[in-house]
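One letter stands for each residue in the lines below.
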Amino acid sequence: MKNEVLYIVVPAFNEAGNIDRLIEEWYPIVERHKGNGQSRLLVIDDGSSDSTYEMLTEKAADRVLLETFTKENEGHGPTLITGYRYAIIKGADWIFQTDSDGQTDSRDFEKFWDARNEYDAIIGNRALRQDGAARVFVERVLRMMLRLFFGTVMPDSNAPFRLMKRELLEKYIHQIPEKYNLPNVMLTTFFLYFNENVKFTEISFGPRRAGINSVNAGKIVSTGWKALKDFYQFRKDIKA
């Protein structure tokens, strides 16, 4: 088996309180699966107003497998899409995504990696969440909407812990607009709707370790209304 290239894609916005732990936990994983030195921990700063990007550039100075850049603030979804497309262009064999807030556990990664040859995507299932009842409710509503519009049934639509084969991600990422807010939701939906070889695996999911979540109740409601329109359009496009 060839030495496969892994890109770990992490969006970051005002995460100065979490950057140290993020690098401490995830950089050793990229070193372990370095892919002839081509693998990368890619942390994309989404126009932070704190010292997130400065901390990242400082840490990248002596970590050759850590790559970072900054961009204008567009939100979590567009930043993810930027990272996915970048990893594809750079020739990653496998693309893994997690978030920078410390809610996921890097110790869950190896069971995903060990199963990679059996599936084209392995997606986390946050069976026990510690990030509040409101977010659990939003995820439940999302899954109900996806079942209504697409007939898909899934345990978790938006988990920020997923390992995807480059070819699979490349197949669907261009169907998602660059500024779309919920790319992981639609990727999960496409994978299931088109019967791709996907597995859901239970992961740990704790509370945010530091900082303040930038998504408030108003944004959740706004995103929900927009999602209704988007799902309707996606379904029309699929059936066209």
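Novice: Describe the overall build of the protein chain, with residues and values.
Specialist: Along its length, the protein chain carries eight helices and seven strands. For the protein chain, the C-alpha radius of gyration of 17 Å lies close to 18 Å, the compact-globule estimate for 240 residues. Summarising its shape, the C-alpha atoms of the protein chain cover approximately 50 × 45 × 30 Å along the three principal directions. When each of the 240 residues of the protein chain is scored for burial, the buried share is 51%. For the protein chain, long-range pairs separated by at least 24 residues make up 82% of all intrachain contacts whose partners lie at least 6 apart in sequence. Entry remark: accessible area of the protein chain is about 11400 Å², with carbon and sulfur atoms responsible for 50%.

Novice: So, the nonpolar core: which residues are in play, and what are the values?
Specialist: Taken as a class, soluble globular proteins show a tendency for nonpolar side chains to be buried jointly. Counting 37 residues, the largest nonpolar core has Tyr84, Ile95, Leu169, Tyr180, Met186, Phe191 and Phe231 as the members making the most contacts within it. Elements supplying a minimum of two residues to this core: β1 (6–12), β2 (40–45), α3 (76–89), β5 (121–125), α5 (133–150), α6 (166–173), α7 (183–193) and α8 (217–239). Among residues more than four places away in sequence, those in contact with Phe191 are Ala121, Ile123, Met164, Leu168, Tyr172, Glu196 and Val198. Formed by 29 residues, the second largest nonpolar core is a distinct cluster that contains Ala12, Leu56, Phe112 and Ala115.

Novice: Explain the sheet that holds strand β3 (residues 66–70) to me, and be specific about the residues and the numbers.
Specialist: One open sheet accounts for seven strands, arranged β3-β2-β1-β4-β6-β5-β7; its pairing is mixed. Each edge of the open sheet carries a strand with a single partner, namely β3 and β7 (198–202). Between one strand axis and the next, the sheet turns by 20 degrees as a mean value, whatever way the strands run. Of the strand pairs in this sheet, β1 and strand β4 (residues 94–98) are connected by four bridges, and their pairing is parallel. Bridged to Ile8 within β4 is Phe96.

Novice: I'd like a rundown of the packing of aromatic side chains, residues and numbers included.
Specialist: Within the structure shown, the criterion is met by 19 aromatic pairs. Consider the rings of Phe96 and Phe161, whose centres lie 4.7 Å apart with planes at 90 degrees: the pair is edge-to-face. With Phe96 in strand β4 and Phe161 in strand β6 (residues 161–165), this pair connects stretches of sequence that are 65 residues apart. Taken individually, Phe96 and Phe161 each receive the classification buried, so the pair is uniform in this respect. With 6.5 Å between their ring centres and 40 degrees between their planes, Phe190 and Phe194 make a pair best called tilted. For Phe194, a relative accessible area of 36% corresponds to the partly exposed category. One aromatic cluster is present, formed by Phe149, Phe150, Tyr172, Tyr180, Phe190, Phe191, Tyr193, Phe194, Phe231 and Phe234 through successive ring pairs. One residue, Arg126, lies across the ring of Phe205, its end atom 5.1 Å from the ring centre.

Novice: Lay out the pairing of β6 with the relevant residues and their values.
Specialist: Where burial is concerned, most of β6 is hidden: four out of the five residues are buried. Pairing of β4 with β6, which is carried by five bridges, proceeds in the antiparallel orientation. The residue bridging Thr98 from the neighbouring strand is Phe161, located in β6. In this structure, β5 lies alongside β6, joined through three bridges in antiparallel fashion. Within β6, the residue paired with Ala121 across the bridge is Met164.

Novice: Summarise the environment of Ile89; cite the residues concerned and give the values.
Specialist: Summarising the element assignment, Ile89 is placed in helix α3. By relative accessible area, Ile89 is classed as exposed at 72%. Along the chain, Ile89 and Glu170 lie 81 residues apart, while their C-alpha atoms are 9.7 Å from each other.

What counts and what doesn't
- What you see as residue numbers is a count from 1 along each chain, following the sequence as written.
- The predicted origin of the model limits local features to residues at a pLDDT of at least 70 and limits the giving and counting of side-chain atom pairs to 80 or more, whereas totals for whole chains, interfaces and linings rest on all residues.
- Only hydrogens and water are removed before side-chain values are computed, so all heavy atoms of the structure are retained for them.
- For helices the rule is a DSSP run of H or I covering at least 4 residues; for strands it is a run of E covering at least 2, with both sets numbered from the N terminus onward.
- Put simply, the radius of gyration uses C-alpha atoms, and a globule should come to 2.2 Å times the residue count raised to 0.38.
- The cut-offs for exposure are 20% and 50% of the maximum accessible area for each residue type, with area from a 1.4 Å probe on protein chains only; residues under the lower value are buried, those over the upper are exposed, and the others partly exposed.
- We call two residues in contact whenever any of their non-hydrogen atoms come within 4.5 Å of each other.
- Shrake-Rupley sampling with a 1.4 Å probe provides the accessible areas, and residues are treated as covered by the protein chains on show and by no other component.
- We define a nonpolar core as any set of buried Ala, Val, Leu, Ile, Met, Phe, Trp, Tyr and Cys residues linked to one another through side-chain atoms lying within 4.5 Å.
- At least two DSSP bridges between two strands are required for those strands to pair.
- Every angle, taken between N-to-C directions, lies between 0 and 180 degrees, and every axis is a line fitted to C-alpha atoms, over only the stretch in contact when it is a helix.
- Two rings from Phe, Tyr or Trp (for Trp, the six-membered ring) form a pair when their centres are within 6.5 Å of each other. A pair whose planes differ by under 30 degrees is stacked, one over 60 is edge-to-face, and the rest are tilted.
- As a reminder, the over-ring test applies to NZ of lysine and CZ of arginine, requiring each to be within 6 Å of the ring centre and within 35 degrees of the ring normal.

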